[in-house]
Amino acid sequence: MDTIVGIDLGTTNSAVSIIENDKPILIPNALGEVLTPSVVGIDLHNKLIVGRAAREFQVVHPERCASVFKRRMGSDWKATLGDRTFTPEELSGMILKSLKDDAEVYLGHSVNRAVITVPAYFNEHQRKATMHAGQIAGFRVDRIFNEPTAAALAYGKVDSHTERTLLVFDLGGGTFDVSVVEIMEGAIEVKSSAGEGFLGGEDFTRALVAKVLDGQGMHFEKAELKMPLLVSRLMNQCEDAKRLLSKEESATVRMPKPDGTFADDSPTITIARSEFHHWMDHVLARVEPPVRRALGDAGLKRTQIDEVILVGGATRMPSVVQRVTEIFDKPPLNNLNPDEVVALGAGIQAGLIARNASLEDLVVTDVAPFTLGIETCKRFGMNHRDGYYMPIINRNTTIPTSRVERVGTLYANQREILLKVFQGEGRRVEDNILLGELAVKDIPIGPAGQEVDVRFTYDLNGVLEVEATVVATRKKVSRIVTKLAKGLTPEQIQEAVASMQLLKLHPREDGKNQFLLRRAERLYAELPPHERLMLTDILDAFERALEAGDRESIDGMGSALAEFLDQFDPGLNPGDRGTSDDDW
Ligand code: AMP
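From a predicted model like this one, the values you see are computed outputs, not experimental measurements.

Let us now look at the overall build of the protein. The helix and strand inventory of the protein stands at 17 helices and 28 strands. Relative to its length of 584 residues, the protein is compact, with a C-alpha radius of gyration of 26 Å against a globular reference of 25 Å. C-alpha atoms of the protein, sized along the principal axes, occupy 90 × 55 × 50 Å. Counting across all 584 residues of the protein, residues that qualify as buried make up 54%. Residue pairs at least 24 apart in sequence account for 66% of intrachain contacts in the protein once pairs closer than 6 positions are excluded. The protein carries 68 positive and 86 negative side-chain charges, and their two centres are separated by 7 Å.

Taken domain by domain, the protein consists of domain 1 (4-200 + 286-367), domain 2 (201-284), domain 3 (368-486) and domain 4 (504-584). Taken together, the contacts link 23 residues of domain 1 with 22 residues of domain 3. Between domain 1 and domain 3, roughly 1,900 Å² of surface is buried when both sides are summed, and carbon and sulfur atoms account for 51% of that area. If you look at where domain 1 meets domain 3, you find one salt bridge. In this structure, the salt-bridge partner of R395 is D297, at a minimum N-O distance of 2.4 Å. Mapped onto the side of domain 1 that touches domain 3, the elements with two or more residues apiece are helix 3 (124-136), strand 11 (140-146), strand 14 (187-196), helix 10 (288-298) and strand 18 (363-367). No other element matches helix 3, which puts five residues into the side of domain 1 that touches domain 3. Looking at the side of domain 1 that touches domain 3 residue by residue, the classes come out as six nonpolar, six polar and 11 charged.

Over its 13 residues, helix 3 extends 18 Å from the first C-alpha to the last, a length consistent with the 18 Å expected when each residue adds 1.5 Å. Burial analysis of helix 3 places 12 of its 13 residues in the buried class, the great majority of the element. If you check which residues of helix 3 are buried, you get E124, H125, Q126, R127, K128, A129, T130, M131, H132, A133, G134 and I136.

With that out of the way, let us pick up a negative patch on the surface. Where like charges cluster on the molecular surface, the negative patch consists of D537, D540, E543 and E547. Assignment of secondary structure puts E543 in helix 16 (residues 529-548). When its relative accessible area of 36% is taken as the criterion, E543 is described as partly exposed.

So, on to the side chain of T397. In this structure, T397 sits in the loop between strand 20 (383-393) and strand 21 (398-399). T397 sits in the buried class, given a relative accessible area of 10%. In terms of polar contacts, T397 uses its side chain to reach the backbone carbonyl oxygen of N394, at 2.5 Å.

Next up on the list: the pairing of strand 19 (residues 372-380). The two faces of the sheet receive side chains in turn, since in a regular strand these alternate between them. In terms of strand pairing, strand 19 meets strand 20 through eight bridges, oriented antiparallel. Within the sheet, the bridge partner assigned to G373 lies in strand 20 and is P391. Bridge count for strand 19 against strand 23 (residues 417-423) is three bridges, and the pairing is antiparallel. In the sheet register, I374 faces strand 23, and the bridge partner there is V421.

Here we take up the confidence of the model for the protein. Do not read the predicted coordinates in detail wherever pLDDT is low. Per-residue confidence for the protein gives a mean pLDDT of 87; residues scoring 70 or more make up 94%. Mean pLDDT per element in the protein: helix 13 (residues 481-484) is the minimum at 49, and strand 1 (residues 4-9) is the maximum at 97.

So, on to helix 15 (residues 511-526). A rise of 1.5 Å per residue sets the reference length of helix 15, with its 16 residues, at 22 Å; its end C-alpha atoms lie 23 Å apart and thus fit the reference within 8%. Most of helix 15 is tucked away: 12 of the 16 residues are buried. Taken together, the buried positions of helix 15 are N513, Q514, F515, L516, L517, R518, R519, A520, R522, L523, A525 and E526. Summarising the contacts, the buried residues of helix 15 are in contact with strand 6 (47-50), helix 1 (52-60), helix 7 (228-244), strand 15 (250-254), helix 16 and helix 17 (551-568).

This brings us to the packing of aromatic side chains. Each aromatic ring pair is specified by the distance between its two centres and by the angle formed by the two planes. Considering all chains together, one arrives at two aromatic pairs under this definition. The cationic tip of K100 hangs over the ring face of F139; the distance from NZ or CZ to the ring centre is 5.8 Å. Over the ring of Y524 we find R532; its NZ or CZ atom is 4.7 Å from the centre of that ring.

With that settled, consider the nonpolar core. Core analysis: the biggest nonpolar cluster contains 47 residues, and L167, F169, L208, V212 and F328 have the highest contact counts within it. Formed jointly, this core draws a minimum of three residues from each of two domains, domain 1 (4-200 + 286-367) and domain 2 (201-284).

Attention now goes to the sheet that holds strand 7 (residues 65-67). Taken in spatial order, the four strands of this open sheet run 7-5-6-28, and their pairing is mixed. The open sheet has two free edges, formed respectively by strand 7 and strand 28 (504-505), since each of these has just one partner strand. Relative to strand 7, strand 5 (residues 39-42) is paired through three bridges, and the arrangement is antiparallel. When the sheet's bridge partners are listed, V39 is paired in strand 7 with S67.

For the rest of this paragraph, the subject is the sheet that holds strand 24 (residues 433-440). An order of 20-19-23-24 is seen for the four strands of this open sheet, with the pairing classed as antiparallel. Each edge of the open sheet is held by one strand with a lone partner, namely strand 20 and strand 24. Geometrically, the sheet is characterised by an average inter-axis angle of 35° between neighbouring strands, direction not taken into account. Here strand 23 runs beside strand 24; their pairing, made up of seven bridges, is antiparallel. Considered in strand 24, the bridge of K420 is made with E437.

About the criteria used
Residues numbered from 1 in each chain as written. Predicted model: local features only at pLDDT ≥ 70, side-chain atom pairs only at ≥ 80, totals over all residues. Heavy atoms only, no water. Helix = DSSP H or I, 4+ residues; strand = E, 2+ residues; numbered from the N terminus. Rg over C-alpha atoms; globule rule 2.2 N^0.38 Å. Buried < 20%, exposed > 50% of the residue type's maximum accessible area, 1.4 Å probe, protein only. Contact = heavy atoms within 4.5 Å. Lys, Arg positive; Asp, Glu negative; His and termini not counted. Charge placed at Lys NZ, Arg CZ, Asp CG, Glu CD. Domains from an automatic or database assignment. Buried area = accessible area lost by both parts, 1.4 Å probe. Salt bridge = Lys/Arg side-chain N within 4 Å of Asp/Glu carboxyl O. Nonpolar A, V, L, I, M, F, W, Y, C, P; charged D, E, K, R; others polar. Expected span 1.5 Å × (residues − 1). Patch = residues over 30% accessible without salt bridge, like charges linked within 9 Å, V, L, I, M, F, W, Y side chains within 5 Å. Areas by Shrake-Rupley, 256 points an atom, 1.4 Å probe, with all protein chains shown as cover. Polar contact = N/O pair within 3.5 Å; in protein donor to acceptor, adjacent residues only side chain to side chain. Pairing = 2+ DSSP bridges. pLDDT = per-residue confidence, 0-100. Phe/Tyr/Trp six-rings, centres within 6.5 Å; stacked < 30°, edge-to-face > 60°. Lys NZ or Arg CZ within 6 Å of the ring centre and 35° of its normal. Core = buried A, V, L, I, M, F, W, Y, C linked by side-chain atoms within 4.5 Å. Axes fitted to C-alpha atoms, helices over the stretch in contact; angles between N-to-C directions.

So, in structure tokens, the structure goes:
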């Protein structure tokens with residue numbers, strides 16, 4: 001039986017899961033951690049670095065690293081790292097490839113199939129891009145699976161005895177998703193999904209950076225342009241401070257110099273938790289409209305939700321828990337780790353597809369998270385006005401689904417209709433996203449009103465097929481609309497696979513050492529002169545050992561360096577950043 005892995009390709013962190021002894025487990029990476037930061041870098045030797053080492057490297061060399069690229073999936077955006085340019089699909093492909101390697105090392109055989117999760121609110125372009133990223137990494141992608149559904153699946157497996165309605169509140173690094181889910185004996189059904197593509201933990205960090213800069217008389221956007229090193233280091237500190245404020249009453253950040261280093265008199269700014277909460281109020285307020293929309297679409301009131309489950313690292317903020325408690329009048333569940341629950345659910349879904357015997361009794365149904373339709377004209381007296389939207393599949397319809405609408409020619413002897421396919425909720429098409437076009441030709445000559453049936457079929461991966469049939473002749477044309485969507489062609493995917501193989505990599509067993517080096521380099525700039533000298537001595541010796549390739553001295557100097565870093569950089573212990581089962 002082929003192993004299928006479940007992957008949470010997160011904005012901030014990613015994780016890979018499989019079913020082992022009838023339960024989903026997370027597979028550790030080369031550092032022994034189950035969360036791999038979704039950061040990619042090209043180091044000064046033009047070698048690829050991924051994960052924690054890349055996140056450390058990014059603080060010192062933001063121009064050679066990319067992160068938060070999940071937000072760019074399906075767009076034309078490109079990142080230039082060193083002298084190379086990468087698409088979001090390629091960057092995500094590198095993360096997926098690194099998880100694939102981890103799974104192969106763990107399992108001891110090759111792994112070629114995957115279920116990859118996406119926010120429910122991802123549109124067609126973004127889903128297709130995610131599928132391409134999987135292919136670039138060398139996977140056959142069995143399913144693109146919605147993150148909240150995965151989370152519900154993980155909770156559903158934990159305790160599926162009682163019938164209940166859940167609301168999944170997923171506030172990740174860059175996206176916010178809400179889903180209403182019904183759990184019954186042996187079945188999980190998503191009733192509705194809503195979300196906001198640009199809201200997540202990152203926005204809280206950025207809002208904090210903006211406040212800190214503001215207090216120093218600086219403007220965020222201007223500082224970002226003129227002093228990127230200052231902003232990148234401050235961002236790193238604010239990220240730590242934000243996390244610390246989830247468990248402490250106050251946190252401090254140091255204001256770097258424009259070149260990103262610190263002077264002895266660099267000001268230290270203390271942030272109180274209450275102050276932080278107050279500052280974040282405007283960001284937090286943005287969670288409510290999607291919650292209302294999801295409830296409205298499911299035809300439920302807040303009080304009819306039995307349990308709220310929290311997903312995504314940003315739900316660790318006490319202010320988020322408090323807001324959720326206020327909205328639903330009850331505290332949310334948190335017995336599964338919010339960083340891991342999506343990957344675990346993806347692992348279960350992968351097991352279901354692979355027909356893992358222990359999972360066979362579970363049925364999962366999902367919904368189309370947005371409305372799909374075509375452009376239509378309206379008649380105003382003698383005139384036609386175009387630009388109106390005719391929904392064919394309404395949002396939150398259970399998928400897979402297939403729906404037909406009949407349209408007609410507008411004029412006598414009109415031989416062709418150009419169907420423009422859109423996704424979105426706007427009354428006019430200009431407010432929606434154009435997915436593609438389909439030309440229906442050879443319509444018989446005749447008066448206006450020659451009929452064409454337009455069928456939309458939406459499958460489990462969220463891929464839309466449009467088929468048009470000329471009623472009089474039964475002639476059909478059809479098209480997988482996502483193929484029309486912006487995205488990579490099969491040739492471009494092959495090119496990306498080939499160019500990824502050309503990238504030089506650090507050997508896997510070198511992962512820990514690379515991470516130590518990057519972390520030490522980042523800390524170097526933050527230390528006062530005396531400690532800096534101490535670090536230089538250990539770092540030099542470590543680098544010499546690495547160059548000589550002498551295992552014994554690499555291990556010895558590596559431990560000495562790790563000890564030094566833990567002493568002077570305690571905030572960066574695995575438990576505090578990235579990994580999960582700390583004191584939450
Ligand atoms: P995800 O995409 O689910 O990995 O979410 C990661 C986001 O959660 C990032 O924006 C983190 O800053 C945020 N996050 C993780 N842990 C904490 C914490 N303890 N307190 C506040 N935010 C956190």
